[in-house]
Amino acid sequence: GVITKLTMPDFVRPIMEELGVPWSLLEEGFGKYRRLMDGDLMTMGEMYVRIFAEAGLAFPDEVVERIVDRDQASYTLRNEETVRFMKELKERGFRIGILTNMCRSFVPRFRENFADAIALADALVISGDERMHKPEKRIYELLRERIGLEAGELCFFDDVEMNCDGARK
């Protein structure tokens, strides 16, 4: 995570162990569906149901809701080092943009838990709101337009190499 501390496995893995679901099943499913969920083309719950269904598994709605809640809660843990860095850059006169892959159902938690970081931003692009996601070219273009800078004036930070490649292109 860049603005968050990436701890989702710590939050969700215990439920998977309790259900007897191997973690590798989720990793494979995330590879197929997480970007669709980030672009709000499916809900997080639909993503989990689809992953389970492909493995011949089905769980009651309450179980899926519990998994979704834990998954979303994991992204509320802040990376305070990044927030401090954002503040330092802002104080030095730099423009700040936030470009995040996030489904719309998570946005209220994000806005609540990261209000101070969002307030630093001159531009904000949330993938679910735009129905696109990193590393699609047009999401970077949208951020560039909103922040009012040319591509060569931007510095992009991400924890996923594929997203960095998308930004370079």
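The coordinates are above.
Residues numbered from 1 in each chain as written. Predicted model: local features only at pLDDT ≥ 70, side-chain atom pairs only at ≥ 80, totals over all residues. Heavy atoms only, no water.

**Quick look at the packing of helix α1 (residues 8–19) against helix α4 (residues 61–74)**
The criterion, for reference: The angle between two axes is taken between their N-to-C directions and runs from 0 to 180 degrees, where each axis is a line fitted to C-alpha atoms and a helix contributes only its stretch in contact. What counts as a helix is a DSSP run of H or I of at least four residues, what counts as a strand is a run of E of at least two, and both are numbered from the N terminus. Any angle between 65 and 115 degrees counts as roughly perpendicular, while under 35 counts as roughly parallel, over 145 as roughly antiparallel, and the rest as oblique. The sense of a crossing depends on the near helix, which, turned anticlockwise from the far helix by less than a right angle, makes the crossing left-handed and, turned clockwise, makes it right-handed. Whether two residues are in contact is decided by their heavy atoms: any pair within 4.5 Å suffices. Residues were grouped as follows: Ala, Val, Leu, Ile, Met, Phe, Trp, Tyr, Cys and Pro as nonpolar; Asp, Glu, Lys and Arg as charged; and all remaining residues, including Gly, as polar.
The contact between α1 and α4 brings their axes to 7 Å, and the two run at 160 degrees. Taken together, the axes of α1 and α4 lie roughly antiparallel to each other. In terms of crossing hand, the pair formed by α1 and α4 is right-handed. Judged by residue contacts, M8, F11, V12, I15, M16, E18 and L19 of α1 engage V63, R66, I67, R70, D71, A73 and S74 from α4. Within the contact of α1 with α4, the residues separate by chemical class into nine nonpolar, one polar and four charged.

**A closer look at the environment of K87**
Selection rule: Relative accessibility under 20% of the residue-type maximum defines a buried residue, over 50% an exposed one, and the middle range a partly exposed one, all with a 1.4 Å probe and only protein chains included.
With respect to the helices, strands and loops of the structure, K87 is situated in helix α5 (residues 80–91). Exposure remark for K87: the relative accessible area of 37% places this residue in the partly exposed category. Those residues within four positions of K87 in sequence are excluded, and the remaining contacts are D116 and L120.

**Comments concerning the packing of helix α2 (residues 23–38) against helix α3 (residues 44–54)**
α3 packs onto α2 with a crossing angle of 140 degrees between their chain directions and a minimal axis gap of 9 Å. One finds that α2 runs oblique with respect to α3. Along this stretch, α2 crosses α3, giving a crossing that reads as right-handed. Taken together, the residues of α3 that come into contact with α2 (itself represented by L25, L26, G29, F30, K32, Y33, R34 and M37) are M44, M47, Y48, R50, I51, F52 and E54. Taken together, the residues of the contact of α2 with α3 break down into 10 nonpolar, one polar and four charged.

**Notes on the pattern of salt bridges**
Note on pairing: side chains with opposite charge can pair once their charged atoms come close. To keep things clear, this is the line we draw: The rule for a salt bridge is simple: a side-chain nitrogen of Lys or Arg has to be within 4 Å of a carboxyl oxygen of Asp or Glu.
A complete count under the given rule lists 14 salt bridges for this structure. With a closest N to O distance of 2.9 Å, E18 and R66 form a salt bridge. Placement of the pair is E18 in helix α1 and R66 in helix α4, with a sequence separation of 48 residues. Its relative accessible area of 37% is what places R66 among the partly exposed residues. R78 is the salt-bridge partner of D116, the closest N and O atoms lying 2.8 Å from each other. Taken together, the residues span a long stretch of sequence, with D116 in helix α7 (residues 115–120) and R78 in the loop between α4 and α5 at a distance of 38 residues. Relative accessible area serves as the criterion here: at 32%, D116 is assigned to the partly exposed category. Members of the salt-bridge network, linked through shared partners, are R78, E80 and D116.

**Quick notes on the packing of aromatic side chains**
The condition that has to hold: Aromatic rings from Phe, Tyr and Trp, taking only the six-membered ring of Trp, are treated as a pair when their centres fall within 6.5 Å; an angle between ring planes under 30 degrees marks them as stacked, one over 60 as edge-to-face, and anything in between as tilted.
For the structure shown, the criterion picks out eight aromatic pairs. Both rings, one in Y75 and one in F106, keep their centres 6.3 Å apart while their planes meet at 75 degrees; by these two values the pair is edge-to-face. Note that Y75 is positioned in the loop between α4 and α5 and F106 in the loop between β1 (97–100) and α6 (107–113), a separation of 31 residues in sequence. With a relative accessible area of 6%, F106 lands in the buried category. Considering the side-chain rings of F85 and F157, the 5.7 Å spacing of their centres and the 90 degrees angle between planes classify their relative orientation as edge-to-face. Of the two residues, F85 is situated in helix α5 and F157 in the loop between α9 (137–147) and α10 (161–168); the sequence distance between them amounts to 72 residues.

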